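# Secondary and tertiary structure notes
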Amino acid sequence: MNLTDYNEIQELLRRHGFRFSKSMGQNFLTASWVPEEIADSALLDADTAVLEIGPGVGCLTEQLAMRAGEVLAVELDRSLQGVLSETLAPYDNIEIVYGDILKQDIPALVREHFGDRRAVVCANLPYNVTSPLLTALIRADCFETITVMIQREVARRICAAPNTPDYGAFGLFVQWYMETELLFDVPPHCFHPQPKVTSSVIRLTRRGEKPYPVSDEVFLFKIIRAAFNQRRKTLPNALAAGLGRERSEIEAALEKCGFDPRIRGEALDLGAFVKITDELAINPEKEQVNL
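Quick look at the nonpolar core now. Grouped together as the largest cluster of nonpolar side chains are 63 residues, with contacts concentrated most on L51, F143, I146 and L239. The element that contributes the greatest number of residues to this core is helix α9 (residues 217–229), accounting for 8 residues. With residues near it in sequence (within four places) discarded, L51 still touches L72, V74, I101, F114, V120, V121, C122, L137 and F143. If you look at the next biggest cluster of nonpolar residues, it comprises 35 residues, including L3, A31, L84 and Y98.

So, about the pattern of salt bridges. Enumeration over the complete set of coordinates arrives at 16 salt bridges. Across the pair E249 and R245 runs a salt bridge whose closest N-O atoms are separated by 2.9 Å. Among the salt bridges present, the one from K256 reaches E279, with a minimum N-O distance of 3.6 Å. A residue pair is termed long-range when its members are at least 10 positions apart, and K256 in helix α11 (residues 247–256) and E279 in helix α12 (residues 270–281) qualify at 23 residues. Relative accessible area serves as the criterion here: at 19%, E279 is assigned to the buried category. Each of the salt bridges in this network shares a partner with another, and the network as a whole consists of E11, R14, R15 and E86.

The next thing to look at is the side chain of E75. By secondary structure assignment, the location of E75 is in strand β3 (residues 70–75). One buried charged residue, E75, remains without a salt bridge, the closest side chain of opposite sign being R78 at 9.6 Å. Separated by 3.4 Å, the side chain of E75 and the backbone nitrogen of G56 make a polar contact. Those residues in contact with E75 that sit more than four places away from it in its chain are G54, P55, G56, L80, L84, V97, Y98 and G99.

Conventions and cut-offs
- Each chain carries its own residue numbering, running from 1 in the direction its sequence is written.
- Local features in this predicted model are restricted to residues whose pLDDT is 70 or higher, and side-chain atom pairs enter the listing and the counts only when it is 80 or higher, whereas totals over whole chains, interfaces and linings include all residues.
- Computation of side-chain values: all heavy atoms of the structure, hydrogens and water removed.
- Side-chain atoms within 4.5 Å are what join buried Ala, Val, Leu, Ile, Met, Phe, Trp, Tyr and Cys residues into a set we call a nonpolar core.
- A simple rule labels every residue: compare its accessible area, found with a 1.4 Å probe on the protein chains alone, to the largest value its type can have, and call it buried under 20%, exposed over 50%, or partly exposed in between.
- Per the convention used, a helix needs a DSSP run of H or I reaching at least four residues, while a strand needs a run of E reaching at least two, with both numbered from the N terminus.
- Contacts are assigned to residue pairs that have any heavy atoms within 4.5 Å of one another.
- The salt bridge definition used is simple: a Lys or Arg side-chain nitrogen within 4 Å of an Asp or Glu carboxyl oxygen.
- Asp and Glu count as negative and Lys and Arg as positive, but His and the ends of the chain are not part of the count.
- Distance and chemistry together define a polar contact, namely a pair of N or O atoms within 3.5 Å, with one atom able to donate a hydrogen and the other to accept it when in protein, and with adjacent residues in sequence counting only for side-chain atoms on both sides.

Rendered as structure tokens:
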């Protein structure tokens, strides 16, 4: 069965009484080159175990199974159970878990199913939960790479450099933990139903060590969030509001770090935010910061 052929998919879904769910962000691929290229981009081999999220009808899942030693697919929609039982029946290295990946203990899931195999993620992520999913996968700290298709706008934010419109707090969070690569775009006509936006495939590779040593990682991200919550303001104004600190204290810290107090957060890279964090964190009266 060709799992990207529109007519075959329609017949398959009709036979199992399946209806698309907008709330789950279901858009199934109808261009065979897309799952093939995504799977190739994940750099798989027989010693690799893959976590896939949202297999749909299984077109990417089967490509992963052809390249990897094991595939664990987590599907939220239980009404796809009959569909996947049929489409993935030829493969003995696929296991499907039905449930919400965001409610799973991801490191425990990996330990249980993958053993000593190299663990990676490869998936077509639902647009409506991309950020929390990526956050959970990165914080799980058990995947060598995360290769995913997501909305192009989000992909560009993740890979953005300073002084660009897409640069922001979420991208800096990802870049702190992972090296980022924007691989290729996928136009709307490659899906059914067609989304209103273009998709992009990115590959994130876990860093061997953080880009810079920092005195307080939690405080670093509080500073980054404050800088971009009011990104049109100068950094002293944005940080004073976000941290509850005096503007004069922040200006003095910026000058000590060699930055113009009129600078905005979008002009600073991770190294600059680390310098500011270390300077402000030495204040013995700084508040306890929690995520």
